[in-house]
Amino acid sequence: MNRTELEAYITETYSVSGEQLWMSTPTNTVFRHSRNQKWFAVILDIPREKLGLSGGGTLSVVNVKCDPRLIGSFREEPGIFPAYHMNKAHWLTLALDGSVEDGKLKFLLDMSYALTK
């Protein structure tokens, strides 16, 4: 799933729109609950080297909250990294380059949504 597909999926599934909160990074998009305003997904374009990846350029990713008991096993899977710019004990970063299966991405989004509700 790429960034555009993910944004459409989140809007349709959770009935929320993304917000661009920072003028300096207008492509960063936050999705949060309408009732409690807690974030459950943050889509970012970050330099590949920030994730320890070779090659130049940027990579679209999404940060999601995860049950801390599961984080270690998920981090061993392709396309899943310790959270970029978030609490690494509670959040994961998922690459939006096709390396994370759509089903797993949706499962982790559902978990993040439930954990932040």
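Here the structure is a predicted model, which means the values were calculated and not measured.

Caption draft 1: Representation of the side chain of Asn-63. By the secondary structure assignment, Asn-63 is in strand β3 (residues 58-65). Given the relative accessible area of 1%, Asn-63 is considered buried. Once you skip the residues sitting within four places of it in the chain, Asn-63 turns out to touch Phe-40, Ala-41, Val-42, Leu-44, Tyr-84, Met-86, Trp-91, Leu-92 and Thr-93.

Caption draft 2: Inspection of the packing of helix α1 (residues 3-14) against helix α3 (residues 102-116) at higher detail. Running from N to C, α1 and α3 cross one another at 45°; their axes reach a closest spacing of 12 Å. For the element pair α1 / α3, the angle class is oblique. For the element pair α1 and α3, the recorded crossing hand is right-handed. Contacts between α1 and α3 pair Leu-6, Tyr-9, Ile-10 and Tyr-14 from the former with Leu-105, Lys-106, Leu-109, Asp-110 and Tyr-113 from the latter. Along the lines of polarity and charge, the residues of the contact of α1 with α3 split into seven nonpolar, no polar and two charged.

Caption draft 3: Spatial organisation of the environment of Thr-25. As for its position among the elements, Thr-25 is in the loop between α1 and β1 (29-32). Classification of Thr-25 as partly exposed rests on a relative accessible area of 30%.

Caption draft 4: Layout of the pattern of salt bridges. Taken as a whole and assessed by the stated rule, the structure comprises five salt bridges. Between Arg-3 and Asp-45 there is a salt bridge, with its nearest N and O atoms 3.2 Å apart. With Arg-3 in helix α1 and Asp-45 in strand β2 (residues 39-47), this pair connects stretches of sequence that are 42 residues apart. For the salt bridge of Lys-104 with Glu-77, the shortest nitrogen-to-oxygen distance reads 2.1 Å. In this pair, Lys-104 is assigned in helix α3 and Glu-77 in the loop between α2 (68-75) and β4 (80-82), connecting sequence segments 27 residues apart. Judged by its relative accessible area of 23%, Lys-104 falls in the partly exposed class. With relative accessibility at 25%, the residue Glu-77 sits in the partly exposed group. Among the charged side chains, a network of salt bridges with common partners joins Arg-3, Glu-7 and Asp-45.

Conventions used here
- Residues numbered from 1 in each chain as written.
- Predicted model: local features only at pLDDT ≥ 70, side-chain atom pairs only at ≥ 80, totals over all residues.
- Heavy atoms only, no water.
- Helix = DSSP H or I, 4+ residues; strand = E, 2+ residues; numbered from the N terminus.
- Buried < 20%, exposed > 50% of the residue type's maximum accessible area, 1.4 Å probe, protein only.
- Contact = heavy atoms within 4.5 Å.
- Axes fitted to C-alpha atoms, helices over the stretch in contact; angles between N-to-C directions.
- Parallel < 35°, antiparallel > 145°, perpendicular 65-115°, else oblique.
- Left-handed = near helix turned anticlockwise from the far one by under 90°.
- Nonpolar A, V, L, I, M, F, W, Y, C, P; charged D, E, K, R; others polar.
- Salt bridge = Lys/Arg side-chain N within 4 Å of Asp/Glu carboxyl O.

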